[in-house]
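# Report on the structure
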Amino acid sequence: MTLTIRQVRPKEIEALIPLLVQAEESEDALRWGLAHLSDAVYQADDAGALVAAATMQWRADPCEVMELAVIPERQGQGIGRQLIEWLAGEAQARGYSALLVGTANSSIGNIAFYQKCGFRMDSIRKDYFWYYPAPRYENSIRIRDMLVFRREL
């Protein structure tokens, strides 16, 4: 499988919202992040069909993956890893020293995934998910903090 990855134009972002809400459960927070935190949105296609999307913040070194999502029926097939490798290559080509990514303290699968992709634990953004109107749980763990992972380039 060879993915085709490209930066989407602003008018194409709306079509990716249903996929990106997998990475940020609050659609309001996702839209705010797209408007204020993300500098670029990328789409990954396999044989012309959308399979993944990611958003990046390029404004500082290290750069940061803000959201990354793979369509549910294609998860576990290496698509997320290919997208991370492509983003790491893009970051290196742009001269960045490292790539950051964050995930909720409760996202056990994501925590394992990012480490398998060469990231190491870097920091904790305590109470990052303060904006959730009511407590949310994943894997029977309350979502509170963001664990930040770093990959040297």
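Summary of the structure given here.

About the cut-offs
Residues numbered from 1 in each chain as written. Predicted model: local features only at pLDDT ≥ 70, side-chain atom pairs only at ≥ 80, totals over all residues. Heavy atoms only, no water. Helix = DSSP H or I, 4+ residues; strand = E, 2+ residues; numbered from the N terminus. Buried < 20%, exposed > 50% of the residue type's maximum accessible area, 1.4 Å probe, protein only. Contact = heavy atoms within 4.5 Å. Core = buried A, V, L, I, M, F, W, Y, C linked by side-chain atoms within 4.5 Å.

Along the chain, the regular secondary structure elements total 4 helices and 9 strands. Listed N to C, the secondary structure of the chain is β-α-α-β-β-β-α-β-α-β-β-β-β in terms of helices and strands. Projected onto the principal axes, the alpha-carbon positions of the chain cover approximately 40 × 30 × 30 Å. Burial status across the chain gives 46% buried among its 153 residues. Restricting the contact set of the chain to residue pairs at least 6 apart, pairs at least 24 apart contribute 64%.

Counting 40 residues, the largest nonpolar core has Met56, Trp58, Leu68, Leu87 and Phe119 as the members making the most contacts within it. Sort the elements by how many residues they give to this core and helix α3 (residues 79-93) lands first, with 6 residues. Once you skip the residues sitting within four places of it in the chain, Met56 turns out to touch Ser38, Asp39, Ala40, Tyr42, Cys63, Glu64, Val65, Met66, Leu87 and Leu99. Counting 7 residues, the second largest nonpolar core, distinct from the first, contains Leu100, Ala104, Tyr132 and Met146.

In this section: the environment of Gly76. One can find Gly76 in the loop between β4 (63-70) and α3. Looking at Gly76, the relative accessible area reads 85%, which means it is exposed. Between the alpha carbons of Gly76 and Phe113 there is a distance of 9.9 Å; along the sequence they are 37 residues apart.

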